[in-house]
Amino acid sequence: MLQTVSKLISARVARLLVWGLTLVPLTAFALGVRAADFQDLASILNLLGRLTGVLGLAFLLLSAALSARVPGFDQPFGGLTRLWRTHHALGAAALIMLMAHPLLLAFSAQAHGEGLAFATLFPALTDLATWSGWLALVLMMIFLAPTFSFFGNPDYERWKRVHQLSVAAIIVGLLHTALFSRTMPYWSDVIVWTLLAGMALGAVLWRFVFSRRVGRLPYTVHEVRRPANNVVELTLEPRRRPLKYQAGNFVYMTPFDHDLDNGHGEEHPYTLSSSPLEPSLRMAIKDLGNASRALQSIKPGARVTVEGPYGRFFIDPDRVGSPELWISGGIGVTPFLARMRHLAALETGGDIRFIYCVQDEARALYLLELQALAGRIPGCKLVPHYFYREGPLSQTFLRENCGDIDQREAYICGPQPLNRLVQAHLRALNVPRRAIHTEEFELL
Ligand SMILES: Cc1cc2nc3c(=O)[nH]c(=O)nc-3n(C[C@H](O)[C@H](O)[C@H](O)COP(=O)(O)OP(=O)(O)OC[C@H]3O[C@@H](n4cnc5c(N)ncnc54)[C@H](O)[C@@H]3O)c2cc1C
């Protein structure tokens, strides 16, 4: 209970802290506001135009600072997926503010004639200050558009390359601000933007320079098992120090193997399916796209790197405090497999109902091992749900197999439609929102 509260509070506090950091430029901005800024509509629009510029840049810099992906840094946010939701929200807020910024300034200038409004938006080509602002905004639109799925689901690797334009957008945006720099009292301008730009730059440097050198641990593929036609389980041996992690964590794994048809040098997130007590790492990889399909043919001896651990799915992976309900679908079984392997290795138990959603017996990944593990973990009951025979998972099925459902911490990991369906069922069955924990295998 205490841990749930601390998990919730710290995730909320961490997010509030990030949003609260925008109060720093806001306060500095407020110090520069004069009575004349409110004298008529044009002055107010001008004030709002400058304010949206300041907030937009602050949101953009904070969003960049959150993209660092330093192992452990995601913990107070409740895991990397949640941290990236904050990053995403800040990016969206930045775009809205920065689109409103030139429009508000132009509306303000319109009070002095349409010519001035037009010149505010499109001045002489030599006006570097204004044109650098436009360039930053256009760059932002280009690198953010795929994120908002304007053009359908993007190819992940192309999306990542386009997203790197954010570095250019930030530099040009800072140049634009430095060239204008009229809004805040002089020193606060310098201090505020240096602080936020330093955080953003530090994050980018970590992500693209240091994390590759010090953040990635070298491993060798020791064994390749095939639990199903389209799934491989890799066992990885450390070449240097082993990774420390908890059951339910995931890592970014990068294969360095020219024999692969695809994905050489490409990092992808995979949940560790081993118990942290095992000397090697294990991960089960389903063929879901080009790189994961190529990994189906990886051979023992191949070199990979592992970066992490990330994520915070289970409240306390080492023990079962309050009663738990687990619901998994497809490859979403991996965090539960890790936890069961871990609880069995620890020789501990609890009160667990595990509803394992599969299409039919033939596609029930790891079913035999899960049944054997459930037999070794006191208080763990595994209930398979067969879609082809029983239809979509229903509230009746949940109630029949878990009478005290509203008394349990619920953990869900599966395809998005299943995640959504189960969350709706749980809410209808009076499970409090704070007791529902989900892991999504989609980070965009
Ligand atoms: C936290 C987390 C844990 C995961 N654990 C597992 C696991 O245990 N086993 C497993 O088989 N799969 C897991 N996945 C999914 C796995 O990362 C994707 O299947 C893999 O990245 C697909 O890459 P691809 O090039 O083969 O496919 P693509 O064709 O590039 O993409 C297929 C899908 O995967 C998504 N994807 C691709 N690359 C990434 C990336 N780097 N980060 C986030 N999403 C991406 C795309 O948005 C797309 O929806 C996990 C994903 C996340 C976010």
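Refer to the preceding data block for the structure.
Nothing here was measured: the structure is a model prediction, and the numbers come from that model.

### With respect to the site of the ligand
Piece 1. Near the ligand there are 22 residues, and of these H268, P269, K286, S292 and E442 occur at the shortest range.
Piece 2. A distance of 2.9 Å separates a nitrogen atom of the ligand from a polar backbone atom of A284.
Piece 3. At 3.4 Å from an oxygen atom of the ligand is found a main-chain nitrogen or oxygen belonging to N290.
Piece 4. Of all elements in the fold, only β4 (268-271), β5 (281-286) and α10 (290-294) reach the threshold of two or more residues within the shell around the ligand.
Piece 5. For the shell around the ligand, the element with the most residues is β4, which contributes four residues.

### Observations regarding the pattern of salt bridges
Piece 1. Applying the stated criterion across every chain, the model contains 20 salt bridges.
Piece 2. In this structure, the salt-bridge partner of E267 is K160, at a minimum N-O distance of 3.7 Å. Residue E267 is found in the loop between β3 (250-256) and β4, and its partner K160 is found in helix α7 (residues 156-163); the two are separated by 107 residues along the sequence. Each member of the pair, E267 as well as K160, is classed as buried.
Piece 3. For R353, the salt bridge is made with D351, and the minimal N-O distance between the two is 3.5 Å.
Piece 4. Where salt bridges share partners, they join R225, E233, E278, R282, R341 and E369 into one cluster.

### Observations concerning the packing of aromatic side chains
Piece 1. On inspection of all chains with the given rule, the structure shows 19 aromatic pairs.
Piece 2. Of the aromatic side chains, those joined through ring pairs into one cluster are F313, F314, W326, F336, F354, Y356 and Y411.
Piece 3. Taking NZ or CZ as reference, R69 lies 3.6 Å from the ring centre of Y252, over its face.

### A look at helix α6 (residues 128-144)
An α-helix turns once per 3.6 residues; consequently, residues spaced three or four apart project the same way.
Piece 1. The end-to-end C-alpha separation of α6 is 24 Å, in line with the 24 Å expected for 17 residues at 1.5 Å each.
Piece 2. Every buried residue of α6 is listed here: A129, T130, S132, G133, A136, L137, L139, M140, F143 and L144.
Piece 3. Those residues of α6 that are buried lie in contact with α3 (41-65), α4 (80-110), α5 (114-121), α7 and α8 (165-180).

### Structural notes on the side chain of H268
Piece 1. With respect to the element layout, H268 can be found in strand β4.
Piece 2. Separated by 2.8 Å, the side chains of H268 and E266 make a polar contact.
Piece 3. Apart from residues no more than four positions distant in its own chain, H268 is found in contact with E157, V251, Y252, M253 and A291.

### What about the sheet that holds β5?
Piece 1. Reading across the sheet, the six strands line up as β4-β3-β6-β1-β2-β5 and stay open at both edges, with antiparallel pairing between neighbours. What marks the edges here is a single partner per strand, and that holds for β4 and β5. Shown here is a sheet whose adjacent strand axes are inclined to one another by a mean of 40 degrees, direction ignored.
Piece 2. When β3 meets β4, the two strands line up antiparallel, connected through four bridges. In the sheet register, V251 faces β4, and the bridge partner there is Y270.

Thresholds, definitions, all that
- The numbers attached to residues start from 1 for each chain and follow its sequence in the written order.
- Local features in a predicted model are, by the rule used here, given only for residues with pLDDT of at least 70; side-chain atom pairs are given and counted only at 80 or more, and totals for whole chains, interfaces and linings are based on all residues.
- Each side-chain value is derived from all of the structure's non-hydrogen atoms; neither hydrogens nor water enter the calculation.
- Whether a residue is near a molecule or strand is decided by its heavy atoms; if any one of them lies within 4 Å of it, the residue is near.
- Polar contacts, as used here, are pairs of N or O atoms within 3.5 Å; protein pairs need one atom able to donate a hydrogen and one able to accept it. Residues neighboring in sequence count only if both atoms are side-chain atoms.
- Where helices and strands are cited, they refer to DSSP runs of H or I of at least four residues and of E of at least two residues respectively, numbered from the N terminus.
- When a carboxyl oxygen of Asp or Glu lies within 4 Å of a side-chain nitrogen of Lys or Arg, that pair is called a salt bridge.
- Throughout this description, buried means an accessible area under 20% of the type-specific maximum (1.4 Å probe, protein chains only), exposed means over 50%, and partly exposed covers the range between.
- Here is the rule: rings of Phe, Tyr and Trp (six-membered ring for Trp) pair when centre to centre is within 6.5 Å. Planes less than 30 degrees apart are stacked, more than 60 are edge-to-face, and the remainder are tilted.
- By definition here, charges over rings are those cases where NZ of Lys or CZ of Arg is within 6 Å of the ring centre and within 35 degrees of the ring normal.
- Multiplying 1.5 Å by the residue count of a helix minus one yields the expected span of that helix.
- Here, residues are in contact when the closest pair of their heavy atoms is within 4.5 Å.
- Pairing between strands requires that DSSP locate at least two bridges from one strand to the other.
- Axis geometry follows a simple rule: fit a line to the C-alpha atoms, using only the stretch in contact for helices, then measure angles between N-to-C directions, giving values from 0 to 180 degrees.

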